[in-house]
Amino acid sequence: MSSHHDNQLIHMTNQIAANLGGGRDEETAAAATCRHLETFWARSMKHRLVATLEREDAPLSPLAKRAVILLAEGLARRHAG
Amino acid sequence: MIQHFDPSQHASNAGHRKDLGTPFPAQAVGTASVSLDIDGVTISVPEGTSVLRAAALADINIPKLCATDSLEAFGSCRLCAVQIEGRRGFPASCTTPVVQGMKVTTQNERLAKLRRNVMELYISDHPLDCLTCPANGDCELQDMAGSVGLREVRYGFTGESHLDVVKDESNPYFTFDPSKCILCSRCVRACDEVQGTFALTIDSRGFDSKVSAGQNDAFMDSDCVSCGACVQACPTATLMEKSVIDHGVPDRSVVTTCAYCGVGCSFEAQMKGDQLVRMVPYKGGDANHGHSCVKGRFAFGYATHPDRLTTPMIRDSIDQPWREVSWEEAIGFAATRLKAIQAEHGRESIGGITSSRCTNEETYLVQKLIRAAFGNNNTDTCARVCHSPTGYGLKTTLGESAGTQTFDSVMKADAIIVIGANPTDAHPVFGSLMRKRLRQGAKLIVADPRRIDLLKTPHMSEAQHLPLRPGTNVALVNALGHVVVTEGLEDKAFVAKRCDTDAYNSWREFIAEPRHSPEATEAITGVPAEAVRQAARTYAMAGNGAIYYGLGVTEHSQGSTMVMGIANLALATGNIGREGVGVNPLRGQNNVQGSCDMGSFPHELPGYQHVADPIARGRFEAVWGVKLDDEPGLRIPNMFDAAIEGTFKALYVQGEDIAQSDPNTQHVEAALTSLDCLIVQDIFLNETAKFAHVLLPGSSFLEKNGTFTNAERRINRVRKVMPALAGKEDWQVTQDLANALGYPMHYTHPSEIMDEIAQLTPSFAGVSYAKLEEHGSLQWPCNAEYPLGMPTMHEVEFPIGLGRFAITEYVATEERANRRFPLLLTTGRILSQYNVGAQTRRTDNQRWHDEDVLELHPSDAELRGIRDGDWLGITSRAGQTVLRARLSERMQPGVVYTTFHHPGSGANVITTDNSDWATNCPEYKVTAVQVEKVSQPSAWQQRFSAFDLAQRDYLAKAQQEVP
């Protein structure tokens with residue numbers, strides 16, 4: 001597992017969150033960011049990103065982190081369903 | 001199965017072959033028709049029609065020389081003289097408009113004598129070398145001499161004449177032989193009226209009059225852009241294609257579609273046997289109406305260039321020579337490797353890239369191969385690196401991932417905003433149409449860091465330039481929106497009726513914040529506040545405001561946001577849903593619209609249907625007979641990252657040169673070298689092919705049947721005019737690979753692929769080859785509701801019902817200038833070269849641009865002691881390359897510019913991995929750099945040179961061996 005690749009995914013997520021964050025309350029913005037990841041990202045990238053939640057030092061922005069938690073919940077639901 | 005389209009057999013196209021002498025009258029639309037009598041025949045024509053045209057419509061063919069229906073009437077040759085009852089003299093029928101009840105005589109003794117006398121004067125100063133003249137058999141002067149029955153020239157040939165004037169052969173594609181000139185001015189008028197360059201003029205007066213390119217310059221040294229409109233308009237051999245001089249007059253012609261830019265011009269490929277003699281833009285083509293540029297008309301020689309690959313090749317690793325093999329062996333080798341890699345590394349370890357240069361049918365087949373035979377969604381296309389933000393941005397706001405208008409719509413625009421596009425270079429035929437509208441008085445606003453040539457349009461009315469800093473588009477579009485809202489320039493009725501109220505209210509509140517005012521954003525964009533206010537007013541109050549944009553919008557970290565900002569602006573001012581307005585992305589490659597439509601993106605099946613949508617996916621599964629993955633696959637940059645990481649092992653690339661065109665070349669090279677199997681299908685050994693293990697020869701657009709879709713959603717036929725050089729068309733190769741992988745495909749003609757596309761893609765439901773034959777072209781959506789397609793979109797409602805305003809927060813790019821990298825580099829294209837140059841570099845277009853240079857402002861140059869022509873090292877955070885300097889006032893201080901048409905330039909060695917937040921479209925347009933004088937190529941360039949040499953040698957060795 002290269003942490004360079006992880007950091008790249010985190011960077012992309014932060015960028016998405018920053019762009020979808022403006023003008024929205026945090027809950028809506030987190031949901032929009034999560035929906036963007038669900039719609040556009042490959043399965044492997046989603047799993048990699050969710051795995052970074054385990055890392056203490058993952059530089060996710062607060063909004064991005066909230067979105068990734070939502071994404072993890074969605075993936076778990078899908079897995080269970 | 002080859003079916004050639006012959007327009008002469010089709011009623012709707014019959015008119016395009018015949019020259020009616022003068023154009024359809026501009027003011028005729030909606031006006032009354034006029035009846036008149038010509039030689040006893042009664043005919044009704046629209047008011048404003050010329051007598052010449054009316055006669056031609058009644059198949060009464062009045063002799064003519066200076067008249068042609070692509071140009072306004074001029075009335076100089078006097079050959080088309082007629083007699084009109086109740087009028088004196090012999091008026092020229094080309095300049096005489098029809099009048100109700102008019103009685104015209106086109107032929108009698110007096111007229112015949114008059115015409116013979118006119119011809120006699122022309123011929124007295126014209127060489128009598130008809131038998132050896134290149135225009136023999138295709139010369140209007142010759143035809144007219146025959147038509148009027150000229151039998152003698154009483155003046156003799158001993159007097160003063162122009163017969164010894166020297167030819168100008170400076171242009172690589174055509175000659176100018178003034179001895180054959182009859183001074184009809186058709187060339188001058190074509191340059192002015194059709195092309196809009198105004199390079200030609202009639203110099204001097206009386207007997208000394210002559211056609212001149214500028215101030216007595218040779219054509220190559222003049223402003224001429226070599227579009228060839230003058231050559232096409234010339235009635236004699238004065239301006240003549242060198243290919244016709246070399247090979248003779250063509251004997252058959254096939255209508256097809258150009259494979260260069262996204263304008264998608266229709267051409268007659270004029271042939272002798274299976275040799276292409278010349279390309280003549282087709283008058284019946286709805287994208288180009290008989291005009292073309294230097295690429296489409298002249299730069300077709302690459303198709304028969306000796307560098308064309310003709311035999312499949314394989315090798316185990318990229319440091320080995322190639323081995324020429326049979327198609328079966330190459331396909332078998334590829335399939336075995338792909339299967340072995342999937343068995344070892346998993347289903348998702350392989351993928352493919354579809355081509356935006358190949359046909360819709362071929363693109364459809366490649367993504368089908370990936371989804372159905374590879375069993376994953378790892379498919380992407382070069383739109384990733386150009387217009388993917390357009391897809392995202394327009395779908396979010398307007399509900400459809402495409403431009404809203406036809407090209408012709410610009411002729412009804414009153415104000416035109418051009419953002420980050422350079423139509424006179426990159427979309428030349430549309431650029432000429434836009435210039436025509438600007439000459440008629442439409443106002444122009446250009447938002448671009450550079451002073452593009454459109455701003456120098458001769459005879460245009462008002463032009464405003466907003467020279468913004470690279471990377472600040474969103475701040476600028478927000479400022480424009482702010483002015484619209486705060487100065488009460490909105491179209492409130494449109495917004496109330498057509499747009500989602502909640503989204504609108506949120507946007508309105510957001511955009512009205514003082515931080516978006518032009519005064520507040522001036523510090524970011526560098527554009528004076530007053531200029532922004534004036535531009536917003538011009539656009540909003542013009543009547544019809546149209547926005548055209550290019551890669552200067554999309555290729556940014558906020559490309560998608562900017563596209564939405566543009567859509568917001570059009571919605572707020574009600575500039576959508578009719579002719580003359582709209583949001584118009586100018587597409588780069590010939591079929592980039594088509595490749596997006598055909599499901600090249602990893603998250604979307606054909607017709608922009610998401611892979612997670614169970615209903616859409618279910619329909620594909622039923623027809624394709626396999627279970628499809630419901631998760632999006634990897635995008636191109638994600639594939640590169642995964643390859644470097646070791647989880648992505650094989651790639652099938654059709655007609656795309658990622659090693660040259662994608663950003664951060666060293667990163668791309670690292671990814672390509674990490675692959676265990678790279679399969680490249682291309683017409684040349686392109687840069688990507690040098691990293692390949694399997695080389696499958698591709699077919700040029702002249703060698704196959706199919707369709708391209710241009711930037712106005714127009715589906716146009718591509719027709720085979722010569723056999724495929726390597727024996728297979730590209731779709732056949734993909735089909736073979738699918739079969740070898742155990743997924744059966746059995747198409748016998750691309751029309752069958754189109755039938756399947758129509759079955760599965762709602763916006764293509766009504767498209768078939770039969771219908772395309774009948775109507776020439778169709779603009780999607782084409783379905784039961786719109787059986788003949790939809791030229792203007794969103795007239796009644798949006799595909800998502802109501803238009804959705806989007807919040808467009810400006811987030812500055814992380815790529816910023818600082819002390820170490822004080823300049824901003826932006827990249828672009830020029831007229832004569834196309835994209836990575838693989839095609840145009842193998843033609844005489846090289847004469848205009850044989851190297852990429854770095855343009856910089858004289859003040860930046862002076863600061864660094866740089867002179868024009870010096871070698872410059874350009875260093876960014878990603879890498880370094882060396883280019884020659886060109887000082888240019890087109891640049892603003894602090895911004896430098898280059899093109900990427902030559903691989904050795906390494907323009908993309910310096911571009912970075914930064915990308916659009918929504919689509920990963922690379923940020924080609926902003927790279928912080930430093931430049932300094934150097935004396936040798938960069939380390940990358942030296943490595944590139946050695947690698948290139950070795951790879952060419954591997955190819956040459958394979959080709960020398962006789963199997």
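Residues numbered from 1 in each chain as written. Chains lettered and ligands numbered in written order. Predicted model: local features only at pLDDT ≥ 70, side-chain atom pairs only at ≥ 80, totals over all residues.

> Help me understand the overall build of chain B in this model?
Within chain B one finds 30 helices and 34 strands. Against the 2.2 N^0.38 benchmark of 30 Å for 963 residues, chain B shows a C-alpha radius of gyration of 29 Å, consistent with a compact globule. Principal axes of the C-alpha set define a box for chain B whose edges measure 90 × 75 × 65 Å. When burial is assessed residue by residue, chain B has 58% of its 963 residues classed as buried. (Helix = DSSP H or I, 4+ residues; strand = E, 2+ residues; numbered from the N terminus. Rg over C-alpha atoms; globule rule 2.2 N^0.38 Å. Buried ≥ 20, exposed ≤ 12 C-beta atoms within 10 Å, placed from the backbone.)

> What should I look at first to understand the overall build of chain A in this one?
Scanning chain A for helices and strands turns up four helices and zero strands. Tracing chain A from N to C terminus, the helices and strands come up as α-α-α-α. Along the first, second and third principal axes, the C-alpha atoms of chain A reach 35 × 30 × 20 Å. Counting over 81 residues, chain A shows a buried share of 37%. Taking all contacts inside chain A whose residues are at least 6 apart in sequence as the whole, residues at least 24 apart take part in 69%. (Contact = placed C-beta atoms within 7 Å.)

> It is not clear to me how the pairing of strand 34 (residues 927-933) of chain B should be interpreted in this structure. Could you clarify?
Taken residue by residue, a regular strand's side chains alternate between the two faces of the sheet. Here strand 29 (residues 823-828) of chain B pairs with strand 34 of chain B via three bridges, running antiparallel. Bridge pairing links Leu825(B) to Thr927(B) in strand 34 of chain B. (Pairing = 2+ DSSP bridges.)

> Help me understand the nonpolar core in this model?
Side chains of nonpolar character tend, in soluble globular proteins, to be buried together. Residue and element names in this part refer to chain B. Judged by nonpolar contacts, the single largest core of 166 residues is most densely connected at Cys 187, Cys 230, Ile 416, Leu 476, Leu 480, Ile 547 and Ile 566. For Cys 230, the residues in contact, after removing those within four places along its chain, are Cys 187, Ala 190, Cys 191, Leu 200 and Leu 239. Cys 677, Leu 678, Ala 689 and Trp 917 belong to the second largest nonpolar core, which has 106 residues in total. (Core = buried A, V, L, I, M, F, W, Y, C linked by C-beta atoms within 7 Å.)

> I would appreciate a short explanation of the pairing of strand 10 (residues 266-272) of chain B in the present structure.
Residues and elements named next belong to chain B. Counting buried residues along strand 10, five of its seven residues qualify, which places the element largely inside the surrounding structure. Summarising the sheet, strand 9 (residues 252-257) and strand 10 pair through six bridges and their orientation is antiparallel. When the bridges of strand 10 are listed, Val 255 appears paired with Glu 268. In this structure, the hairpin formed by strand 10 and strand 11 (residues 275-281) is closed by a connection of two residues, where Gly 273 is found at a positive phi of approximately 60°.

> Where do I start with the interface of chain A and chain B in this structure?
When the parts of a complex come together, some accessible area is lost, and that lost area is often used as the size of the interface. Contact residues are listed per partner, giving 18 residues for chain A and 21 residues for chain B. If you list the elements that add at least two residues to the side of chain A that touches chain B, you get helix 1 (3-21), helix 2 (26-40) and helix 3 (43-51) of chain A. Split into classes, the residues belonging to the side of chain A that touches chain B amount to six nonpolar, ten polar and two charged. (Nonpolar A, V, L, I, M, F, W, Y, C, P; charged D, E, K, R; others polar.)

> How should the packing of helix 21 (residues 614-624) of chain B against helix 26 (residues 750-760) of chain B be read in this particular structure?
When two helices pack together, their arrangement is given by the angle between the helix axes and by the axis-to-axis distance. Residues and elements named next belong to chain B. Packing of helix 21 against helix 26 brings their axes to within 10 Å, and their N-to-C directions diverge by 150°. As helix 21 runs across helix 26, the sense of the crossing is right-handed. On the side of helix 21, the interface is formed by Arg 619, Phe 620 and Val 623, while helix 26 contributes Glu 756, Gln 759 and Leu 760. Grouping the constituent residues of the contact of helix 21 with helix 26 by class yields three nonpolar, one polar and two charged. (Axes fitted to C-alpha atoms, helices over the stretch in contact; angles between N-to-C directions. Left-handed = near helix turned anticlockwise from the far one by under 90°.)

> Would you explain the environment of Gly146(B) in this entry?
Residues and elements named next belong to chain B. If you trace the backbone, Gly 146 turns up in helix 3 (residues 140-148). Gly 146 gets classed as exposed once you count the C-beta atoms within 10 Å, which come to 11. Taking the C-alpha atoms as reference points, Gly 146 and Met 119, separated by 27 residues in sequence, lie 9.9 Å from one another.

> So what exactly am I meant to see when it comes to helix 12 (residues 428-439) of chain B here?
An α-helical turn contains 3.6 residues, so any two residues separated by three or four positions project in the same direction. All names here are of chain B. A rise of 1.5 Å per residue sets the reference length of helix 12, with its twelve residues, at 16 Å; its end C-alpha atoms lie 16 Å apart and thus fit the reference within 8%. Those residues of helix 12 lying buried are Pro 428, Val 429, Phe 430, Gly 431, Ser 432, Leu 433, Met 434, Arg 435, Arg 437 and Leu 438. Packing partners of the buried residues in helix 12 comprise helix 4 (186-195), strand 16 (415-419), helix 11 (423-426) and strand 17 (443-447). Two residues or fewer past helix 12, Gly 441 is found with a positive phi of approximately 120°. (Expected span 1.5 Å × (residues − 1).)

> Would you mind going over unusual backbone geometry with me for this structure?
All names here are of chain B. A cis amide bond links Trp 780 with the next residue in sequence, Pro 781, at an omega value of 0°. Inspection of the secondary structure assignment puts Pro 781 in the loop between strand 28 (777-779) and strand 29. Of note, the phi angle at Arg 78 is positive, near 65°, even though the residue is not glycine. If you trace the backbone, Arg 78 turns up in the loop between helix 1 (51-57) and strand 3 (83-84).

> I would appreciate a short explanation of the sheet that holds strand 13 (residues 323-324) of chain B in the present structure.
Two pairing modes exist for strands in a sheet, parallel and antiparallel, and in both the strands are linked by backbone hydrogen bonds. Residue and element names in this part refer to chain B. Strand order across the open sheet formed by seven strands is 13-12-25-24-23-14-15, with mixed pairing between neighbours. Each of the sheet's edge strands pairs with one partner strand only, and the pair in question is strand 13 and strand 15 (379-381). Bridge analysis of strand 24 (residues 677-682) against strand 25 (residues 694-697) gives four bridges, and the strand direction is parallel. Paired with Val 680 across the bridge in strand 25 is Leu 695. Of the strands in this sheet, strand 14 (350-354), strand 15 and strand 23 (650-654) are in contact with helix 9 (residues 360-374), which crosses strand 14 at around 170°.

> Explain the domain arrangement of chain B to me, please; I cannot follow it from the model alone.
All names here are of chain B. When cut into domains, chain B gives domain 1 (9-107), domain 2 (160-304), domain 3 (313-386 + 591-779), domain 4 (389-585) and domain 5 (823-949). For domain 2 and domain 5, the distance between their C-alpha centroids amounts to 32 Å. At the interface, ten residues of domain 2 touch ten residues of domain 5. For the side of domain 2 that touches domain 5, a count of residues per class yields eight nonpolar, one polar and one charged. (Domains from an automatic or database assignment.)

> Would you mind going over the sheet that holds strand 18 (residues 463-466) of chain B with me for this structure?
Residues and elements named next belong to chain B. An order of 18-17-16-19-20 is seen for the five strands of this open sheet, with the pairing classed as parallel. Looking along the sheet, the strands with just one partner apiece sit at the ends: strand 18 and strand 20 (583-585). For this sheet, the mean inter-axis angle between neighbouring strands, taken without regard to orientation, is 15°. Where strand 16 and strand 17 come together, five bridges link them in parallel fashion. Across the sheet, residue Ile 416 finds its bridge partner in strand 17, namely Leu 444. Sheet strands touched by helix 19 (residues 559-572): strand 19 (545-549) and strand 20. Its angle to strand 19, the strand with the most contacts, is close to 170°.

> How should the environment of Val148(B) be read in this particular structure?
Residues and elements named next belong to chain B. Inspection of the secondary structure assignment puts Val 148 in helix 3. Judged by C-beta crowding, with 20 C-beta atoms within 10 Å, Val 148 ranks as buried. With residues near it in sequence (within four places) discarded, Val 148 still touches Pro 63, Ala 112, Arg 115, Arg 116 and Met 119.

> Looking at this structure, how should I read helix 2 (residues 109-123) of chain B?
Residues and elements named next belong to chain B. Look at helix 2: 21 Å from first C-alpha to last across 15 residues, which is about the 21 Å you get at 1.5 Å a residue. Here helix 2 has its buried residues at Arg 115, Val 118, Met 119, Tyr 122 and Ile 123. Considered in projection along helix 2, the buried side chains sweep an arc of 135° and stay on one side of the axis. Along helix 2, the residues that are exposed and aim more than 90 degrees away from the buried face are Glu 109, Arg 110 and Lys 113. Those residues of helix 2 hidden inside the fold are in contact with helix 3. (Arc of directions from axis to C-beta.)

> What is the right way to look at the packing of helix 1 of chain A against helix 3 of chain A in this model?
Residue and element names in this part refer to chain A. The geometry of helix 1 relative to helix 3 is characterised by a closest axis approach of 10 Å and an angle of 95° between their N-to-C directions. Considering the angle they form, helix 1 stands roughly perpendicular to helix 3. Between helix 1, through Asp 6, Leu 9 and Thr 13, and helix 3, the contact on the second element is made entirely by Met 45, Arg 48 and Leu 49. Looking at the contact of helix 1 with helix 3 residue by residue, the class counts come to three nonpolar, one polar and two charged. (Parallel < 35°, antiparallel > 145°, perpendicular 65-115°, else oblique.)

> Honestly, the environment of Phe207(B) in this entry has me stumped. Any pointers?
Of note, Phe207(B) is situated in the loop between strand 6 (200-203) and strand 7 (210-213). Taking the C-beta count within 10 Å as the criterion, Phe207(B) has 10 such neighbours and is therefore assigned exposed.

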